[in-house]
Amino acid sequence: MNQLLSVVIPSFNEEGMIPRTAKTIAKLLQEAQIPYELLFVNDGSTDTTWEKIQTEAAANPRVKGINFSRNFGKESAIYAGLFYSAGGCCVVIDCDLQHPPEKIIEMYRLWEEGYEIVEGVKHSRGQTERYTHFLAAKCFYKIISRLTNVDMSRASDFKLLDRKAVNALLNIREKNAFFRALSSWIGFKTTSVEFDVREREVGETKWSTWSLIKYAVSNISSFSAAPMQIVSLLGLIMLLISLVLGGISLYQKITGTALEGFTTVIIINLFTGSIIMLSLGIIGYYISKIYDEIQGRPKYIVRGTCGDLKNTPTEPKDIL
(Lines give C-alpha, C1' and ligand atoms only; values in the text may rest on other atoms or scores of the structure.)
Protein backbone atom coordinates (compact mmCIF):
# COMPACT_ATOMS: atom_id res chain seq x y z
CA MET A 1 0.00 0.00 0.00
CA ASN A 2 1.26 3.45 -0.93
CA GLN A 3 1.82 5.23 2.41
CA LEU A 4 3.25 8.42 0.88
CA LEU A 5 1.47 11.61 1.94
CA SER A 6 1.35 14.39 -0.67
CA VAL A 7 0.84 17.85 0.81
CA VAL A 8 -0.57 20.25 -1.82
CA ILE A 9 0.12 23.92 -1.02
CA PRO A 10 -1.38 26.56 -3.37
CA SER A 11 0.76 29.72 -3.21
CA PHE A 12 0.15 33.22 -4.52
CA ASN A 13 2.54 36.03 -3.53
CA GLU A 14 3.69 34.11 -0.45
CA GLU A 15 7.43 34.80 -0.63
CA GLY A 16 7.52 35.47 3.11
CA MET A 17 5.82 32.18 4.00
CA ILE A 18 7.40 29.61 1.65
CA PRO A 19 10.52 28.84 3.77
CA ARG A 20 8.57 28.85 7.03
CA THR A 21 5.78 26.64 5.66
CA ALA A 22 8.18 24.14 4.08
CA LYS A 23 10.28 23.78 7.22
CA THR A 24 7.32 23.66 9.63
CA ILE A 25 5.40 20.94 7.79
CA ALA A 26 8.55 18.93 6.96
CA LYS A 27 9.63 18.93 10.62
CA LEU A 28 6.22 17.79 11.85
CA LEU A 29 5.98 14.93 9.34
CA GLN A 30 9.55 13.80 9.92
CA GLU A 31 8.99 13.67 13.68
CA ALA A 32 5.79 11.67 13.11
CA GLN A 33 7.73 9.33 10.75
CA ILE A 34 5.27 9.90 7.92
CA PRO A 35 6.70 9.60 4.38
CA TYR A 36 5.80 12.77 2.53
CA GLU A 37 6.26 15.17 -0.36
CA LEU A 38 5.46 18.87 -0.35
CA LEU A 39 3.96 20.21 -3.58
CA PHE A 40 4.01 23.99 -3.79
CA VAL A 41 1.92 25.37 -6.67
CA ASN A 42 2.93 28.91 -7.65
CA ASP A 43 -0.25 30.49 -9.00
CA GLY A 44 1.32 33.23 -11.14
CA SER A 45 2.86 35.17 -8.25
CA THR A 46 4.33 38.59 -9.00
CA ASP A 47 6.93 38.44 -6.20
CA THR A 48 9.76 35.95 -5.59
CA THR A 49 7.51 33.07 -4.53
CA TRP A 50 8.76 30.78 -7.31
CA GLU A 51 12.41 31.51 -6.50
CA LYS A 52 11.72 30.67 -2.84
CA ILE A 53 10.11 27.39 -3.86
CA GLN A 54 13.12 26.50 -6.01
CA THR A 55 15.45 27.26 -3.09
CA GLU A 56 13.48 24.98 -0.77
CA ALA A 57 13.37 22.23 -3.41
CA ALA A 58 17.15 22.40 -3.75
CA ALA A 59 17.57 22.11 0.03
CA ASN A 60 15.01 19.33 0.57
CA PRO A 61 14.44 16.64 -2.11
CA ARG A 62 10.92 16.08 -0.77
CA VAL A 63 9.91 19.61 -1.74
CA LYS A 64 8.58 19.98 -5.28
CA GLY A 65 7.25 22.95 -7.19
CA ILE A 66 4.82 23.64 -10.02
CA ASN A 67 4.91 27.06 -11.69
CA PHE A 68 1.90 28.42 -13.60
CA SER A 69 2.33 30.64 -16.64
CA ARG A 70 -0.04 33.17 -15.04
CA ASN A 71 -2.58 33.43 -12.24
CA PHE A 72 -5.33 30.83 -12.77
CA GLY A 73 -6.86 30.90 -9.28
CA LYS A 74 -6.72 28.77 -6.17
CA GLU A 75 -9.04 26.04 -7.50
CA SER A 76 -6.75 25.43 -10.48
CA ALA A 77 -3.71 25.37 -8.20
CA ILE A 78 -5.35 22.71 -6.04
CA TYR A 79 -6.18 20.53 -9.04
CA ALA A 80 -2.67 20.89 -10.44
CA GLY A 81 -1.19 19.80 -7.12
CA LEU A 82 -3.51 16.79 -6.99
CA PHE A 83 -2.63 15.86 -10.57
CA TYR A 84 1.12 15.93 -9.95
CA SER A 85 0.89 14.20 -6.55
CA ALA A 86 2.25 10.69 -6.14
CA GLY A 87 0.98 9.84 -2.64
CA GLY A 88 -1.56 7.28 -1.56
CA CYS A 89 -3.35 10.23 0.03
CA CYS A 90 -3.21 14.02 -0.38
CA VAL A 91 -3.71 16.91 2.00
CA VAL A 92 -4.59 20.39 0.74
CA ILE A 93 -3.47 23.19 3.06
CA ASP A 94 -3.06 26.96 2.72
CA CYS A 95 0.46 28.35 2.49
CA ASP A 96 -0.17 31.00 5.16
CA LEU A 97 -0.38 28.33 7.92
CA GLN A 98 -3.77 29.59 9.04
CA HIS A 99 -4.70 25.93 8.75
CA PRO A 100 -2.80 24.31 11.69
CA PRO A 101 -0.26 21.91 10.11
CA GLU A 102 -0.19 19.61 13.16
CA LYS A 103 -3.73 18.54 12.20
CA ILE A 104 -2.22 16.85 9.14
CA ILE A 105 -0.88 14.09 11.40
CA GLU A 106 -4.32 13.54 12.93
CA MET A 107 -5.84 13.38 9.44
CA TYR A 108 -3.21 10.90 8.28
CA ARG A 109 -3.85 8.59 11.28
CA LEU A 110 -7.58 8.61 10.49
CA TRP A 111 -6.72 7.72 6.89
CA GLU A 112 -4.70 4.77 8.17
CA GLU A 113 -7.82 3.65 10.04
CA GLY A 114 -9.68 3.43 6.72
CA TYR A 115 -11.27 6.83 6.18
CA GLU A 116 -11.05 8.03 2.57
CA ILE A 117 -11.84 11.72 3.12
CA VAL A 118 -10.98 13.64 6.27
CA GLU A 119 -12.62 17.07 6.28
CA GLY A 120 -11.08 19.95 8.17
CA VAL A 121 -14.00 21.87 9.69
CA LYS A 122 -13.64 25.28 11.29
CA HIS A 123 -14.29 25.54 15.02
CA SER A 124 -13.59 29.28 14.87
CA ARG A 125 -12.63 31.65 12.04
CA GLY A 126 -9.94 33.65 13.88
CA GLN A 127 -9.99 37.12 15.41
CA THR A 128 -8.75 39.37 12.60
CA GLU A 129 -11.32 38.49 9.93
CA ARG A 130 -13.28 41.58 8.92
CA TYR A 131 -16.97 41.58 9.84
CA THR A 132 -17.96 42.10 6.20
CA HIS A 133 -15.99 38.98 5.25
CA PHE A 134 -17.66 37.03 8.06
CA LEU A 135 -21.15 38.02 6.92
CA ALA A 136 -20.35 37.34 3.25
CA ALA A 137 -18.93 33.91 4.09
CA LYS A 138 -21.89 33.05 6.31
CA CYS A 139 -24.42 33.98 3.59
CA PHE A 140 -22.47 32.13 0.89
CA TYR A 141 -22.18 28.89 2.85
CA LYS A 142 -25.82 29.02 3.85
CA ILE A 143 -26.79 29.28 0.17
CA ILE A 144 -24.36 26.64 -1.10
CA SER A 145 -25.33 24.22 1.71
CA ARG A 146 -28.97 24.48 0.70
CA LEU A 147 -28.14 24.00 -2.97
CA THR A 148 -25.84 20.99 -2.47
CA ASN A 149 -27.69 19.37 0.45
CA VAL A 150 -24.31 19.21 2.21
CA ASP A 151 -23.60 21.21 5.36
CA MET A 152 -20.78 23.52 4.33
CA SER A 153 -21.19 26.12 7.08
CA ARG A 154 -17.80 25.19 8.53
CA ALA A 155 -16.22 23.72 5.40
CA SER A 156 -12.71 24.57 4.21
CA ASP A 157 -10.18 23.55 1.57
CA PHE A 158 -8.14 21.95 4.36
CA LYS A 159 -8.76 18.24 3.93
CA LEU A 160 -7.20 14.85 3.26
CA LEU A 161 -8.22 12.77 0.26
CA ASP A 162 -7.47 9.12 -0.45
CA ARG A 163 -6.05 8.35 -3.90
CA LYS A 164 -9.44 6.96 -5.00
CA ALA A 165 -11.10 10.26 -4.09
CA VAL A 166 -8.32 12.23 -5.83
CA ASN A 167 -8.78 10.23 -9.02
CA ALA A 168 -12.55 10.76 -8.86
CA LEU A 169 -12.04 14.53 -8.65
CA LEU A 170 -9.49 14.56 -11.47
CA ASN A 171 -11.93 12.66 -13.70
CA ILE A 172 -14.49 15.47 -13.35
CA ARG A 173 -13.80 17.45 -16.52
CA GLU A 174 -15.60 20.71 -15.79
CA LYS A 175 -13.27 23.70 -15.92
CA ASN A 176 -14.92 25.80 -13.22
CA ALA A 177 -14.84 23.11 -10.56
CA PHE A 178 -15.63 24.03 -6.94
CA PHE A 179 -13.19 21.86 -4.97
CA ARG A 180 -14.72 22.46 -1.55
CA ALA A 181 -18.17 21.28 -2.65
CA LEU A 182 -17.11 18.57 -5.13
CA SER A 183 -14.82 16.89 -2.59
CA SER A 184 -17.91 16.41 -0.39
CA TRP A 185 -20.23 15.58 -3.30
CA ILE A 186 -18.16 12.60 -4.52
CA GLY A 187 -18.92 10.66 -1.36
CA PHE A 188 -16.52 8.02 0.04
CA LYS A 189 -16.03 7.13 3.71
CA THR A 190 -15.73 10.50 5.44
CA THR A 191 -14.92 11.87 8.87
CA SER A 192 -13.90 15.29 10.13
CA VAL A 193 -11.32 17.08 12.27
CA GLU A 194 -12.04 20.42 13.94
CA PHE A 195 -9.51 23.26 13.89
CA ASP A 196 -9.24 26.91 14.85
CA VAL A 197 -8.19 29.27 12.08
CA ARG A 198 -4.89 30.88 13.06
CA GLU A 199 -3.78 34.43 12.48
CA ARG A 200 -1.56 35.02 9.47
CA GLU A 201 2.11 35.28 10.50
CA VAL A 202 3.45 37.13 7.44
CA GLY A 203 1.75 39.27 4.78
CA GLU A 204 -1.97 39.87 4.42
CA THR A 205 -4.96 38.08 2.96
CA LYS A 206 -5.34 38.02 -0.83
CA TRP A 207 -9.13 37.98 -0.55
CA SER A 208 -11.04 41.26 -0.79
CA THR A 209 -14.79 41.50 -0.22
CA TRP A 210 -15.32 41.91 -3.99
CA SER A 211 -13.16 38.87 -4.83
CA LEU A 212 -15.14 36.81 -2.31
CA ILE A 213 -18.40 37.91 -3.95
CA LYS A 214 -17.11 36.93 -7.41
CA TYR A 215 -15.85 33.62 -5.99
CA ALA A 216 -19.27 32.94 -4.45
CA VAL A 217 -21.22 33.79 -7.62
CA SER A 218 -18.92 31.68 -9.79
CA ASN A 219 -19.11 28.64 -7.52
CA ILE A 220 -22.87 28.82 -6.97
CA SER A 221 -23.48 29.01 -10.73
CA SER A 222 -21.02 26.19 -11.45
CA PHE A 223 -22.59 23.86 -8.89
CA SER A 224 -26.28 24.66 -9.19
CA ALA A 225 -28.93 25.85 -11.65
CA ALA A 226 -30.96 27.43 -8.85
CA PRO A 227 -30.39 31.04 -10.08
CA MET A 228 -32.03 30.02 -13.35
CA GLN A 229 -35.10 29.00 -11.36
CA ILE A 230 -35.21 32.53 -9.95
CA VAL A 231 -36.05 33.70 -13.46
CA SER A 232 -39.13 31.45 -13.46
CA LEU A 233 -40.07 32.70 -9.98
CA LEU A 234 -39.79 36.32 -11.09
CA GLY A 235 -41.92 35.54 -14.12
CA LEU A 236 -44.58 33.97 -11.87
CA ILE A 237 -44.55 37.04 -9.60
CA MET A 238 -45.00 39.31 -12.60
CA LEU A 239 -47.91 37.13 -13.83
CA LEU A 240 -49.67 37.40 -10.47
CA ILE A 241 -49.12 41.17 -10.35
CA SER A 242 -50.45 41.48 -13.92
CA LEU A 243 -53.57 39.46 -13.06
CA VAL A 244 -54.28 41.60 -10.00
CA LEU A 245 -53.73 44.91 -11.78
CA GLY A 246 -55.64 43.67 -14.82
CA GLY A 247 -58.58 42.70 -12.65
CA ILE A 248 -58.58 46.10 -10.92
CA SER A 249 -58.45 47.89 -14.28
CA LEU A 250 -61.35 45.88 -15.70
CA TYR A 251 -63.42 46.47 -12.59
CA GLN A 252 -62.79 50.23 -12.75
CA LYS A 253 -63.63 50.24 -16.46
CA ILE A 254 -66.91 48.39 -15.92
CA THR A 255 -67.96 50.56 -12.98
CA GLY A 256 -66.93 53.76 -14.77
CA THR A 257 -64.42 54.79 -12.10
CA ALA A 258 -61.29 54.35 -14.22
CA LEU A 259 -58.87 57.26 -13.90
CA GLU A 260 -55.69 58.16 -15.70
CA GLY A 261 -52.74 56.62 -13.86
CA PHE A 262 -49.60 57.85 -15.57
CA THR A 263 -47.42 57.41 -12.42
CA THR A 264 -48.68 53.87 -11.92
CA VAL A 265 -47.92 52.99 -15.54
CA ILE A 266 -44.37 54.36 -15.27
CA ILE A 267 -43.73 52.44 -12.03
CA ILE A 268 -45.06 49.20 -13.54
CA ASN A 269 -42.95 49.66 -16.68
CA LEU A 270 -39.81 50.31 -14.63
CA PHE A 271 -40.50 47.29 -12.43
CA THR A 272 -41.18 45.06 -15.42
CA GLY A 273 -38.06 46.30 -17.22
CA SER A 274 -35.93 45.63 -14.12
CA ILE A 275 -37.24 42.06 -13.85
CA ILE A 276 -36.58 41.43 -17.54
CA MET A 277 -33.03 42.82 -17.42
CA LEU A 278 -32.23 40.88 -14.24
CA SER A 279 -33.53 37.67 -15.83
CA LEU A 280 -31.54 38.28 -19.00
CA GLY A 281 -28.45 38.90 -16.87
CA ILE A 282 -28.83 35.57 -15.06
CA ILE A 283 -29.46 33.69 -18.31
CA GLY A 284 -26.55 35.48 -20.00
CA TYR A 285 -24.19 34.56 -17.15
CA TYR A 286 -25.06 30.89 -17.49
CA ILE A 287 -24.61 31.07 -21.26
CA SER A 288 -21.16 32.61 -20.75
CA LYS A 289 -20.27 29.75 -18.39
CA ILE A 290 -21.41 27.22 -20.99
CA TYR A 291 -19.36 29.03 -23.64
CA ASP A 292 -16.34 28.96 -21.33
CA GLU A 293 -16.71 25.21 -20.83
CA ILE A 294 -17.19 24.24 -24.49
CA GLN A 295 -14.11 26.18 -25.56
CA GLY A 296 -12.12 23.37 -23.93
CA ARG A 297 -9.39 25.60 -22.54
CA PRO A 298 -7.31 24.02 -19.76
CA LYS A 299 -7.75 24.74 -16.05
CA TYR A 300 -4.10 25.83 -15.93
CA ILE A 301 -0.90 25.97 -17.94
CA VAL A 302 2.36 24.85 -16.34
CA ARG A 303 5.37 26.96 -17.21
CA GLY A 304 7.88 24.82 -15.33
CA THR A 305 8.51 22.51 -12.39
CA CYS A 306 11.23 21.85 -9.87
CA GLY A 307 12.09 18.87 -7.72
CA ASP A 308 11.68 15.19 -8.47
CA LEU A 309 8.04 15.02 -9.51
CA LYS A 310 6.90 11.40 -9.88
CA ASN A 311 3.82 12.19 -11.96
CA THR A 312 5.39 14.51 -14.56
CA PRO A 313 3.44 14.24 -17.87
CA THR A 314 5.54 13.34 -20.89
CA GLU A 315 3.51 15.22 -23.51
CA PRO A 316 2.57 18.90 -23.54
CA LYS A 317 -1.12 18.06 -24.00
CA ASP A 318 -1.06 16.24 -20.66
CA ILE A 319 0.43 19.25 -18.93
CA LEU A 320 -2.36 21.43 -20.29
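The rules behind each value
- Residues numbered from 1 in each chain as written.
- Predicted model: local features only at pLDDT ≥ 70, side-chain atom pairs only at ≥ 80, totals over all residues.
- Heavy atoms only, no water.
- Helix = DSSP H or I, 4+ residues; strand = E, 2+ residues; numbered from the N terminus.
- Areas by Shrake-Rupley, 256 points an atom, 1.4 Å probe, with all protein chains shown as cover.
- Phe/Tyr/Trp six-rings, centres within 6.5 Å; stacked < 30°, edge-to-face > 60°.
- Lys NZ or Arg CZ within 6 Å of the ring centre and 35° of its normal.
- pLDDT = per-residue confidence, 0-100.
- Contact = heavy atoms within 4.5 Å.
- Patch = residues over 30% accessible without salt bridge, like charges linked within 9 Å, V, L, I, M, F, W, Y side chains within 5 Å.
- Salt bridge = Lys/Arg side-chain N within 4 Å of Asp/Glu carboxyl O.
- Buried < 20%, exposed > 50% of the residue type's maximum accessible area, 1.4 Å probe, protein only.
- Pairing = 2+ DSSP bridges.
- Core = buried A, V, L, I, M, F, W, Y, C linked by side-chain atoms within 4.5 Å.

Novice: How should the overall build of the chain be read in this particular structure?
Specialist: Across its full length, the chain holds 11 helices and 8 strands. Carbon and sulfur atoms make up 59% of the accessible area of the chain, which amounts to about 17100 Å² in all.

Novice: Sorry if this is basic, but what is going on with the packing of aromatic side chains here?
Specialist: Both the distance between ring centres and the angle between the ring planes are used here to describe each pair of aromatic rings. For the structure shown, the criterion picks out 5 aromatic pairs. Judged by centre distance (5.6 Å) and plane angle (90°), the rings of Phe68 and Phe72 are edge-to-face. Here the aromatic cluster, defined as three or more aromatic residues joined through ring pairs, consists of Phe68, Phe72 and Tyr300. Taking the ring centre of Phe72 as reference, the NZ or CZ of Arg70 above it sits at 3.9 Å.

Novice: Sorry, what's going on with the confidence of the model for the chain here?
Specialist: Detailed reading of the predicted model is not advised wherever pLDDT is low. Chain-level pLDDT for the chain is 77 on average; 70% of the residues reach the 70-or-more range. pLDDT under 50 marks residues 314-320. Its contacts with residues more than four places away, or in other chains, come to 10 contacts.

Novice: Please explain the environment of Arg180 as it appears in this structure.
Specialist: In this structure, Arg180 sits in helix H7 (residues 179-185). The spacing of Arg180 and Phe158 is 22 residues in sequence and 8.9 Å in space, taken between C-alpha atoms.

Novice: It is not clear to me how a nonpolar patch on the surface should be interpreted in this structure. Could you clarify?
Specialist: A surface patch of nonpolar side chains, amounting to about 720 Å² of accessible area, comprises Leu233, Leu236, Ile237, Leu239, Leu240, Ile241, Leu243 and Phe271. If you tally residues by element for the nonpolar patch, the top one is helix H9 (residues 226-255), at 7 residues. Inspection of the secondary structure puts Leu233 in helix H9.

Novice: What is the right way to read the pattern of salt bridges from this model?
Specialist: Working definition: two side chains of opposite charge can pair if their charged atoms are close together. All chains considered together, the criterion is met by 9 salt bridges. Lys74 is paired through a salt bridge with Asp157; the nearest N and O atoms lie 3.0 Å apart. Residue Lys74 is located in helix H3 (residues 74-84), and its partner Asp157 is located in the loop between helix H5 (131-148) and strand S6 (159-162); the two are separated by 83 residues in the primary sequence. Residue class for Lys74 comes out partly exposed when judged on its relative accessible area of 23%. For Asp157, a relative accessible area of 1% puts it in the buried group. Put simply, Lys164 and Asp162 hold a salt bridge, and the shortest N to O gap is 3.2 Å. Here Asp162 falls in the buried class, since its relative accessible area comes to 9%. One connected set of salt bridges, linked through shared partners, spans Lys74, Asp94 and Asp157.

Novice: Help me understand the pairing of strand S3 (residues 63-68) in this model?
Specialist: Working note: regular strand, side chains alternate between the two faces of the sheet. With respect to burial, S3 is a largely interior element, 6 of its 6 residues being buried. Going residue by residue along S3, you find Val63, Gly65 and Asn67 tucked away on one face and Lys64, Ile66 and Phe68 tucked away on the opposite face as well. With 5 bridges joining them, strand S2 (residues 36-42) and S3 adopt parallel strand pairing. Its bridge partner being in S3, Val41 is matched across the sheet by Ile66.

Novice: Teacher, can you tell me more about the nonpolar core here?
Specialist: Within soluble globular proteins, side chains that are nonpolar generally end up buried alongside one another. Membership of the largest hydrophobic core comes to 35 residues, with the highest contact counts inside it found for Leu5, Val7, Leu38, Phe40 and Ile104. For this core, the secondary-structure elements that each account for two or more residues are strand S1 (5-11), helix H1 (18-31), S2, helix H2 (49-59), strand S4 (89-92), helix H4 (103-112) and strand S7 (190-196). Each residue touching Leu5, except ones within four places of it in the same chain, is listed here: Leu29, Ile34, Pro35, Tyr36, Glu37, Cys89, Cys90, Val91, Ile104, Tyr108 and Leu160. Membership of the second largest hydrophobic core comes to 27 residues, among which are Phe68, Cys90, Ala177 and Tyr300.

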